[in-house]
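Residue-level structural notes
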Amino acid sequence: MTNALKFYIDGAWVAPAGDARLAVIDPCTEAPFAEIALGDARDVDRAVAAARRAFETFSLTDPAERIALVRRILDAYLARYDDIAEAISREIGAPRPFAHEWQAGLGRRHLEELLRTCETFAWQRNKGTSLVRHEPVGVVALITPWNWPMNQIVCKVAPALAAGCTMVLKPSEVSPLNAVIFAEVLDAAGAPPGVFNLVQGDGPTVGAALCSHPGIDMVSFTGSTRAGVQIATMAAPSVKRVHQELGGKSANLLLDDVDFGLAVTKGVNSCFSNSGQSCNAPTRMLVPASRREEAIEIARRAAAAHRVGPADAAGTTMGPVVSQVQFERVQRLIAMGIEEGATLVAGGLGRPEGLERGYYVRPTVFADVRPEMTIAREEIFGPVLAILPYRDEEDAIAIANDSPYGLAAYVQSSDLERARRVAFRLRAGSVYLNYPAWDPGSPFGGYKQSGNGREYGEWGLEAFLEVKGIVGYGH
């Protein structure tokens, strides 16, 4: 990849200011397979300056012109679709079919949804004698994670462009190569110089420089709650807008009238999707205490059906977790589940049999988990499911809401009206009823320590807009 050691600034691929480098590791083998340059504050200064210059004109363009740019980006994205899927598969160890259909596929679907949103969005409207206008917030810093890299890049970059913002993207240094391809996509689509800029680097250096930079008007961040607190602190002195999608520990309420064979199996598979590395994964399965043994046996069979292996191996349903750091964290939390007295139903410590190298985790299910246990409260970010018993519906709702997080929740019931009533009482930004299809037009974001603001569809567009009232406009 010829541009991996460069940054995309002011419409050109440029050499970094320093000479720091970082190996990109294949989690299936633990071996490096590429290298990227790491930026510093000088690269950030250069990128922000380019974005500020571009904002003067790009912010004044007609929305139709910006929407046409998004359409060209979609065309260029589809032309590089296979390259994006392959890069993500290699970087994070996602099985190839999964990387192609979902990891790359969500980027396409976000672009399509944004185009649909823009068709009906009211950029300005009259209210009495005033004119209310939506205008771009300014120069934005976009800091994205490694677990769903293209999903998070596109759901930030695309609406920011449509809004008329200019930007600097800092992708995760763990999965950076798909972002290089995406920058090539924007270049091919004819993004004006300085509108989109890419600087690679780590959080303490490039991320911190962006969050504290006086030329940045807004930070949009997806990642851990711990990092989100640090970002908000750095952004506070300049009163930047801070938009965050953070951690989660989502409850999956299986009500007593549901088909348990189907609901438990789908819950296990949803928890284990992407090797458990999703902030909204249903990692707490709440089941009636009277159905404990039934749920345990179904969950055990569902976990045993998974095939852990390399991303390019036929039949692999679950790849490794992304890094040595992540592997060690998951192992530590599995050990804590055992130490605190949860019943180990499937999986456990160590790698699956026959996989001696690579960050592979055994698909793990715990039962008899109490709400105060570490594995019921901390985000594990690996293929680890905690099954918690409840007495009745009121108890289930209380357990579900007893969390510092509030990103997502899940409700399963054969009575849709009952599921809806329960959904209204759950303190989460998204509630999914009976495992619905993914909806890129539904708002995504969290309550409590899961963040603030919303992404996707019209909410993602509004996140990058200011509201101006021109009073007396109608006189």
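All of the points below concern the structure found in this document. Since the model is a prediction, treat every value here as computed from it, not as a measurement.

A few words now on the pattern of salt bridges. Counted under the stated rule, the structure contains 28 salt bridges. The partner of E112 in a salt bridge is R108, and the shortest N-O contact between them spans 3.1 Å. Taken together, the positions of E112 and R108, both in helix α4 (residues 96-120) and four residues apart, correspond to about one turn of that helix. Residue classification places R108 among the partly exposed positions, given a relative accessible area of 26%. The partner of R391 in a salt bridge is D395, with the nearest N and O atoms 3.5 Å apart. Because the salt bridges share partners, they merge into one network encompassing D256, D257, E393 and R418.

Let us look at the nonpolar core. With 68 residues, the main nonpolar core has Y77 and F196 as its most contacted residues. Among residues more than four places away in sequence, those in contact with F196 are Y8, V157, M167, L169, F182, A183 and L186. In this structure, L333, V369, I399 and A419 belong to the second largest nonpolar core, which totals 32 residues.

Let us look at the sheet that holds strand β12 (residues 251-254). Spatially, β14-β15-β16-β13-β12-β18-β19 is the arrangement adopted by the seven strands of the open sheet, whose pairing is mixed. Single-partner strands in this sheet number two, and they are β14 (343-346) and β19 (430-433). Ignoring strand direction, the axes of neighbouring strands in this sheet form an average angle of 25 degrees. In this structure, β12 lies alongside strand β13 (residues 284-288), joined through three bridges in parallel fashion. Note on β13: the bridge partner recorded for N252 is M285. Helix-sheet contacts for helix α11 (residues 324-339) involve β14, β15 (364-367) and β16 (384-390), and the interaxial angle to β15 is about 25 degrees.

This next bit is on the packing of helix α1 (residues 41-58) against helix α7 (residues 203-212). Taken N-terminus to C-terminus, the directions of α1 and α7 make an angle of 40 degrees; their axes are 9 Å apart at the nearest point. It follows that α1 is oblique to α7 by the angle criterion. For α1 against α7, the interelement crossing comes out right-handed. Across the interface between the two elements, A41, V44 and V48 of α1 pack against V206, A209 and L210 of α7. Per-class residue counts for the contact of α1 with α7 are six nonpolar, no polar and no charged.

On to the packing of aromatic side chains, then. For the structure on display, the rule yields ten aromatic pairs. Summarising the aromatic geometry, the rings of F121 and W123 are spaced 4.9 Å apart at their centres and angled 70 degrees between planes, so their arrangement reads as edge-to-face. Judged on exposure class, the residue F121 and its partner W123 are both buried. Ring plane angle 75 degrees and centroid distance 5.8 Å describe the contact between W438 and Y456, whose orientation is recorded as edge-to-face. In this pair, W438 is assigned in the loop between β19 and β20 (447-448) and Y456 in the loop between β21 (451-452) and α15 (457-462), connecting sequence segments 18 residues apart. By relative accessible area, which is 6% here, Y456 ends up buried. Above the ring of W123, the side-chain terminus of R66 is found at 5.4 Å from the ring centroid.

Glancing now at the pairing of β13. Counting buried positions along β13 gives five out of five residues, so the element sits mostly inside the fold. On β13, burial covers both faces: R284, L286 and P288 on one face and M285 and V287 on the other are all buried. The parallel pair β12 and β13 is bridged by helix α9 (residues 260-272), and the resulting crossover is right-handed. Sheet topology places β13 next to β16; five bridges connect them, and they run parallel.

Moving on to the state of the cysteines. For the coordinates displayed, the defined rule picks out zero disulfides. The structure places no disulfide on C118, whose sulfur is separated from the nearest cysteine sulfur, that of C165, by 12 Å. The buried category is assigned to C118, whose relative accessible area is 7%. The thiol sulfur of C155 is not disulfide-bonded, and the nearest other cysteine sulfur, from C279, lies at 10 Å.

Attention shifts here to the sheet that holds strand β5 (residues 124-127). With antiparallel pairing, the three strands of this open sheet are ordered in space as β5-β6-β22. Only two strands of the sheet have a single neighbouring strand rather than two, namely β5 and β22 (465-470). Averaged over all pairs of adjacent strands, the angle between their axes in this sheet comes to 25 degrees, without regard to strand direction. Taken together, the six bridges between strand β6 (residues 130-136) and β22 define a ladder with antiparallel strand orientation. Within the sheet, the bridge partner assigned to P136 lies in β22 and is L465.

A separate point is the packing of α9 against helix α10 (residues 292-304). Across the interface, α9 lies against α10 with an axial gap of 9 Å and an inter-helix angle of 50 degrees. Put simply, α9 runs oblique to α10. The two elements α9 and α10 cross, and the hand of that crossing is right-handed. Contacts between α9 and α10 involve F260, G261, V264, T265, V268, N269 and F272 from the first element and E294, A295, I298, A299, A302 and A303 from the second. Here the contact of α9 with α10 is composed, by residue class, of nine nonpolar, three polar and one charged.

Reading guide: rules and limits
Residues numbered from 1 in each chain as written. Predicted model: local features only at pLDDT ≥ 70, side-chain atom pairs only at ≥ 80, totals over all residues. Heavy atoms only, no water. Salt bridge = Lys/Arg side-chain N within 4 Å of Asp/Glu carboxyl O. Helix = DSSP H or I, 4+ residues; strand = E, 2+ residues; numbered from the N terminus. Buried < 20%, exposed > 50% of the residue type's maximum accessible area, 1.4 Å probe, protein only. Core = buried A, V, L, I, M, F, W, Y, C linked by side-chain atoms within 4.5 Å. Contact = heavy atoms within 4.5 Å. Pairing = 2+ DSSP bridges. Axes fitted to C-alpha atoms, helices over the stretch in contact; angles between N-to-C directions. Parallel < 35°, antiparallel > 145°, perpendicular 65-115°, else oblique. Left-handed = near helix turned anticlockwise from the far one by under 90°. Nonpolar A, V, L, I, M, F, W, Y, C, P; charged D, E, K, R; others polar. Phe/Tyr/Trp six-rings, centres within 6.5 Å; stacked < 30°, edge-to-face > 60°. Lys NZ or Arg CZ within 6 Å of the ring centre and 35° of its normal. Right-handed = clockwise from strand over helix to strand, strands pointing away. Disulfide = S-S within 2.5 Å.

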